[in-house]
Amino acid sequence: MNKELRLVALDLDGTLVGHGGERATEATVTAIKKAQQQGIEVVISTGRHRSTSLPIAEQLGVNYMITLNGGEIWTKDGELLKRQAIDQPTVEKIIEIHKQHQTYYWLVSHEKVYREALPDNYLAHQWIKFGFDVEDDTIRAAMQEQFTQLPTIELSNSSLTNIELNAKGTHKASAIDFLLQQLNLDFSQVMAVGDSINDLKMIEAAAVGVAMGNAQALVKERADWVTAELDQDGAAQAIEHFILS
C-alpha cells in the first residue's frame, strides 16, 4: 500500500459504471471495500445529480458524494455541505446561446433535473449545472466558443458530444479541496480516477491522477497513469495497483 494516499476520488460514468449505469461490478466493489478497510476515504466525484448517484454510493458505502461536477457536496446521510449556483445574469446568457442553436439540453436546479423543459419562472431557481448534447461538430464548436467568452462559467464535458457548464471555479478539484480541508488532508494524499474533461482538474491536482483506458485523449495525456478500460474494471485495477499492492 502507498502509505501517503488517504483519499480516492472516483468518477462514475465511464469510470465505475457505463453511462446511466446503477451498479458497479463485483471486482470494483471488492477493491473499494478493501481500500476502505485500510482506512482510505473513497469519494464519488461525478457530474450526476445526487438522486442518480445515490444507488452506487450506497452500494459502495462511501461517506461523501461530490455531484454536478462539484456544484454540490453531500454526506451519505443527505446533509448538503456545499452548493455553488450559477449567477442569474450568466444563466440568462446561457439560455440566450441555447436559443440560437436549439440543441438537446438538460439543466439542474437546487430542486430537480429538467430535460428539454425550462420552467416559466426559471429565474426564481438556483441553477447549478447546464448540459447540452450536440451531435453536430460545427454547432458544438460554435457553442463552445460562445461559452468560452463568458468569464463566469466553468466549461467541461462528460462525453465527446456534450458540453457541461457550472459556475466559474466550480469543478471536481475544488470540491475535493473542500473535503480535504474538512478531513485535514491535502492533494498529496489523493488518487483521482476519471475519463472525461470534467475529471481533468481533479486528475491534474491529485498526487496520483489516473485516466481510464477509455478516457478522452487529453485526459490520458495529462494523467500520471492510464489504467484498463471500464469493461476491464480499470478503476479496480488502479486501486489494486496504487492502494492494495
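Scroll up to find the structure this text is about.
The shown structure was predicted, so the numbers you read here are calculated from the model rather than taken from an experiment.

Participant: Sorry if this is basic, but what is going on with the sheet that holds strand β8 (residues 127-133) here?
Facilitator: Two orientations exist for strands paired in a sheet by backbone hydrogen bonds: parallel and antiparallel. The sheet built from 5 strands is open, its strands ordered β7-β6-β8-β10-β9 with antiparallel pairing. With partners counted over all chains shown, the strands left at the sheet margins are β7 (113-115) and β9 (153-156), one partner each. Here the average twist between neighbouring strands, direction ignored, is 20 degrees. Of the strand pairs in this sheet, strand β6 (residues 104-109) and β8 are connected by 6 bridges, and their pairing is antiparallel. By the bridge assignment, tryptophan 106 is partnered in β8 with glycine 131. Here helix α3 (residues 88-101) sits on the sheet in contact with β6, β8, β9 and β10 (162-167), set at roughly 15 degrees to β8. The strands that helix α4 (residues 137-148) touches are β8, β9 and β10; relative to β10, the one it contacts most, it runs at about 15 degrees.

Participant: Would you take a moment to explain the pairing of strand β12 (residues 208-211) for this structure?
Facilitator: Looking along a regular strand, one sees the side chains alternate between the two faces of the sheet. Burial along β12 is two-sided: the residues Val208 and Val210 and Gly209 and Ala211 are all buried. Note that strand β11 (residues 190-194) and β12 share 4 bridges and pair parallel. Bridge pairing in β12 links alanine 192 to glycine 209. In this fold, β11 hands off to helix α6 (residues 200-205), which returns the chain to β12; that crossover is right-handed. Note that β12 and strand β13 (residues 225-226) share 2 bridges and pair parallel.

Participant: Would you take a moment to explain the layout of surface pockets for this structure?
Facilitator: One simple way to see leftover space: roll a probe sized like a water molecule over the atoms. Its volume calculated, the largest pocket comes out at about 540 Å³. Around the largest pocket sit 26 residues that line it, and Asp13, Arg48, Trp106, Arg115 and Lys129 are the ones nearest its centre. Breaking the lining of the largest pocket down by element, the ones donating at least two residues are α2 (50-60), β6, β7, β8 and β10.

Participant: Mind showing me how you'd approach the pairing of strand β5 (residues 80-83) here?
Facilitator: Two elements, strand β4 (residues 72-75) and β5, share 3 bridges in a ladder whose sense is antiparallel. Paired with isoleucine 73 across the two strands is lysine 82, which belongs to β5.

Participant: Help me understand the nonpolar core in this model?
Facilitator: Burial of nonpolar side chains together is a common tendency in soluble globular proteins. Core analysis: the largest hydrophobic core is formed by 54 residues, its most contacted members being Leu60 and Met191. The element best represented in this core is helix α8 (residues 234-244), accounting for 6 residues. With near-sequence residues (within four places) excluded, methionine 191 lies in contact with Leu5, Leu7, Val8, Ala9, Ala206, Val208, Val210, Ala238, Ile239, Phe242 and Ile243. Formed by 20 residues, the second largest nonpolar core is a distinct cluster that contains Ile94, Tyr122, Val134 and Ile163.

Participant: What is the right way to read the pattern of salt bridges from this model?
Facilitator: Between side chains of opposite charge, a pair can form when the charged atoms approach closely. With the rule as written, the count across this model stands at 8 salt bridges. Put simply, lysine 172 and aspartate 11 hold a salt bridge, and the shortest N to O gap is 3.1 Å. One end of the pair, lysine 172, is in helix α5 (residues 172-183); the other, aspartate 11, is in the loop between β1 (7-10) and α1 (26-37), with 161 residues separating them in the sequence. On the accessibility criterion, lysine 172 (0% relative accessible area) is buried. Residue classification places aspartate 11 among the buried residues on the basis of a relative accessible area of 3%. Among the ionic pairs, arginine 48 bridges to aspartate 13, the shortest N-O distance being 2.7 Å.

Rules of the game
- Residues numbered from 1 in each chain as written.
- Predicted model: local features only at pLDDT ≥ 70, side-chain atom pairs only at ≥ 80, totals over all residues.
- Heavy atoms only, no water.
- Pairing = 2+ DSSP bridges.
- Helix = DSSP H or I, 4+ residues; strand = E, 2+ residues; numbered from the N terminus.
- Axes fitted to C-alpha atoms, helices over the stretch in contact; angles between N-to-C directions.
- Contact = heavy atoms within 4.5 Å.
- Buried < 20%, exposed > 50% of the residue type's maximum accessible area, 1.4 Å probe, protein only.
- Right-handed = clockwise from strand over helix to strand, strands pointing away.
- 1 Å grid on protein atoms, 1.4 Å probe; cavity = no way out; pocket = protein on both sides within 12 Å on 5 of 7 lines; lining within 4 Å.
- Points joined across faces, edges and corners; volume = space filled by probe spheres on them.
- Core = buried A, V, L, I, M, F, W, Y, C linked by side-chain atoms within 4.5 Å.
- Salt bridge = Lys/Arg side-chain N within 4 Å of Asp/Glu carboxyl O.

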